[in-house]
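Chain by chain, the residues run as shown.
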Amino acid sequence: MATLQQFPYFIEKAERIKPFWDALNQGKFVSTRCSECEEVHFPPRILCPKCFSTNVEWTELPRKGTVESFTFVEIPPEGFLESYYLAMVRMDQLEKPILARFVGENPPSIGQAVEMHFESIDGQNVPVFKPA
Ligand SMILES: [Zn+2]
């Protein structure tokens, strides 16, 4: 049976992405920015997809965005106790939208301003969106 120890590529990748997860636990949303062409990436990259430079640095990003689309997950997957909304949000400084759970008293709406917050699952913060 395969174990993670047999795939060092994944272990290396996990170590390089660790600053992202650590920042979430500090209530910060970070990703990488290319030091050569200034391109901001999400998810974080070790290689700039625009100019192929490996000279990338961690940078904190704004946590505000706008709902582009959403869906209602009526039958929750294992580990979730109840139904929830998933919102696809275009963040203020990112080219591509991010998908995360929406937490609010009312359902989300397209064009709604939201802010990224964090919820702890087993000691690791994960992003959720709340109305701004
Ligand atoms: Zn670049």
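For clarity, every value in this text was computed on a predicted model and none was experimentally measured. (Residues numbered from 1 in each chain as written. Predicted model: local features only at pLDDT ≥ 70, side-chain atom pairs only at ≥ 80, totals over all residues. Heavy atoms only, no water.)

## Digging into the layout of surface pockets
Right, on to step 1. Quantified by volume, the largest pocket comes out at close to 430 Å³.
Right, on to step 2. Around the largest pocket, the lining is made up of 19 residues, and of these Phe80, Arg101, Glu119, Ile121 and Val126 lie nearest the centre.
Right, on to step 3. Elements with a contribution of two residues or more to the lining of the largest pocket: strand S5 (84-91), strand S6 (98-102), strand S7 (113-121) and strand S8 (124-131).
Right, on to step 4. A breakdown of the residues in the lining of the largest pocket according to their chemical character gives 14 nonpolar, two polar and three charged. (1 Å grid on protein atoms, 1.4 Å probe; cavity = no way out; pocket = protein on both sides within 12 Å on 5 of 7 lines; lining within 4 Å. Points joined across faces, edges and corners; volume = space filled by probe spheres on them. Helix = DSSP H or I, 4+ residues; strand = E, 2+ residues; numbered from the N terminus. Nonpolar A, V, L, I, M, F, W, Y, C, P; charged D, E, K, R; others polar.)

## Quick look at the environment of glutamate 68
Right, on to step 1. Summarising the element assignment, glutamate 68 is placed in strand S4 (residues 64-73).
Right, on to step 2. Residues within four places of glutamate 68 in sequence aside, it is in contact with Met88, Val89, Arg90, Pro97 and Ile110.
Right, on to step 3. Separated by 2.4 Å, the side chains of glutamate 68 and arginine 90 make a polar contact. (Contact = heavy atoms within 4.5 Å. Polar contact = N/O pair within 3.5 Å; in protein donor to acceptor, adjacent residues only side chain to side chain.)

## Considering the confidence of the model for the chain
Right, on to step 1. Here the chain averages 87 in pLDDT, while 90% of its residues score no lower than 70.
Right, on to step 2. When the elements of the chain are averaged for pLDDT, helix H1 (residues 8-25) gives the smallest value, 72, and S4 the largest, 97.
Right, on to step 3. The low-confidence segment residues 1-13 (pLDDT under 50) makes five contacts with residues lying over four places distant or belonging to another chain. (pLDDT = per-residue confidence, 0-100.)

## Here we look at the domain arrangement of the chain
Right, on to step 1. Looking at the chain, the domain boundaries give domain 1 (9-60) and domain 2 (64-131).
Right, on to step 2. Across the contact, 10 residues belong to domain 1 and 11 residues belong to domain 2.
Right, on to step 3. Taken together, both faces of the contact between domain 1 and domain 2 bury some 940 Å²; the carbon and sulfur share is 62%.
Right, on to step 4. The largest per-residue losses of area from domain 1 upon contact with domain 2 belong to Leu24, Asn25 and Phe29, which jointly make up 48% of the total buried on that side.
Right, on to step 5. Where domain 1 meets domain 2, there are zero salt bridges. (Domains from an automatic or database assignment. Buried area = accessible area lost by both parts, 1.4 Å probe. Salt bridge = Lys/Arg side-chain N within 4 Å of Asp/Glu carboxyl O.)

## Remarks on the sheet that holds strand S3 (residues 56-60)
The strands that make up a sheet pair up through hydrogen bonds in the backbone, lying either parallel or antiparallel.
Right, on to step 1. Here we have three strands laid out as an open sheet, ordered S2-S1-S3, and antiparallel in their pairing. With one partner strand each, in any of the chains shown, strand S2 (40-41) and S3 form the two edges of the open sheet.
Right, on to step 2. Where strand S1 (residues 30-34) and S2 come together, two bridges link them in antiparallel fashion. Within the sheet, the bridge partner assigned to threonine 32 lies in S2 and is histidine 41. (Pairing = 2+ DSSP bridges.)

## Focus: the coordination of the zinc ion
Geometry sets the ideal angles at a metal, namely 109.5 degrees for four tetrahedral donors and 90 or 180 degrees for six octahedral donors.
Right, on to step 1. At this site the zinc ion is bound by Cys34 (SG), Cys37 (SG), Cys48 (SG) and Cys51 (SG), with donor distances of 2.3 Å.
Right, on to step 2. Taken together, the four donor atoms surrounding the zinc ion define angles of 100 to 117° at the centre, an arrangement classified as tetrahedral.
Right, on to step 3. Sequence spacing of the donor residues for the zinc ion, all on one chain, is C-x2-C-x10-C-x2-C. Taken together, the positions of cysteine 37 in the loop between S1 and S2 and cysteine 51 in the loop between S2 and S3 put the pair 14 residues apart, joining distant regions of the chain.
Right, on to step 4. We classify cysteine 51 as partly exposed; its relative accessible area is 33%. (Donors = N, O, S within 2.8 Å, 3.2 Å for Na, K, Ca; no water. Tetrahedral: all angles 85-135°; square planar, octahedral: opposite > 155°, others 65-115°. Buried < 20%, exposed > 50% of the residue type's maximum accessible area, 1.4 Å probe, protein only.)

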